[in-house]
Amino acid sequence: MTGIESFVQQITTQVTEIAWSVFILAWAVGWALRGSPIPIFKIKRTGQDFIEDAIMAAFWLALGTTVFALVSYIAGQF
């Protein structure tokens, strides 16, 4: 690989790792809030919202990572 290709791939890998870390953090916080023994419905609903948003983020992260990997592979072949 040339210098720019490896640089872009390295940056993409780091951004993807950070994004998955934020996903796991949001997932954990969402379940902690949703399952908390606090009798306030709004807090439990906020936890549910975190979980739903984390699921959508994971879907788009997986889709985007796959598309970028495919484009990167095809570009590397030429």
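This one's a predicted model, so the numbers in the text were calculated from it and none came from an experiment.

A. Region of the structure containing the pattern of salt bridges. Under the defined criterion, the tally for this structure stands at 2 salt bridges. Linking Asp-49 and Arg-45 is a salt bridge whose minimum nitrogen-to-oxygen distance equals 3.1 Å. Taken together, the residues span about one helical turn, with Asp-49 and Arg-45 both in helix α2 (residues 41-77) at a distance of 4 residues. Among the ionic pairs, Arg-45 bridges to Glu-52, the shortest N-O distance being 3.8 Å. By relative accessible area, Arg-45 is classed as partly exposed at 37%.

B. Main features of the packing of helix α1 (residues 3-34) against α2. With their axes 8 Å apart at the nearest point, α1 and α2 run at an angle of 160° to one another. One element, α1, and the other, α2, form an angle in the roughly antiparallel class. Judged by the twist between their axes, the crossing of α1 over α2 is left-handed. Partitioning the contact of α1 with α2 into residue classes produces 18 nonpolar, 7 polar and 2 charged.

C. Structural context of the environment of Arg-34. The residue Arg-34 is located in helix α1 in this model. Since its relative accessible area comes to 37%, Arg-34 is described here as partly exposed. In this structure, the C-alpha to C-alpha distance between Arg-34 and Phe-7, residues 27 residues apart in sequence, is 40 Å. If we skip the residues at most four places from it in the chain, Arg-34 touches Lys-44, Gly-47, Gln-48 and Ile-51. A distance of 2.8 Å separates a polar atom in the side chain of Arg-34 from a polar atom in the side chain of Gln-48.

Cut-offs applied
- Residues numbered from 1 in each chain as written.
- Predicted model: local features only at pLDDT ≥ 70, side-chain atom pairs only at ≥ 80, totals over all residues.
- Heavy atoms only, no water.
- Salt bridge = Lys/Arg side-chain N within 4 Å of Asp/Glu carboxyl O.
- Helix = DSSP H or I, 4+ residues; strand = E, 2+ residues; numbered from the N terminus.
- Buried < 20%, exposed > 50% of the residue type's maximum accessible area, 1.4 Å probe, protein only.
- Axes fitted to C-alpha atoms, helices over the stretch in contact; angles between N-to-C directions.
- Parallel < 35°, antiparallel > 145°, perpendicular 65-115°, else oblique.
- Left-handed = near helix turned anticlockwise from the far one by under 90°.
- Nonpolar A, V, L, I, M, F, W, Y, C, P; charged D, E, K, R; others polar.
- Contact = heavy atoms within 4.5 Å.
- Polar contact = N/O pair within 3.5 Å; in protein donor to acceptor, adjacent residues only side chain to side chain.

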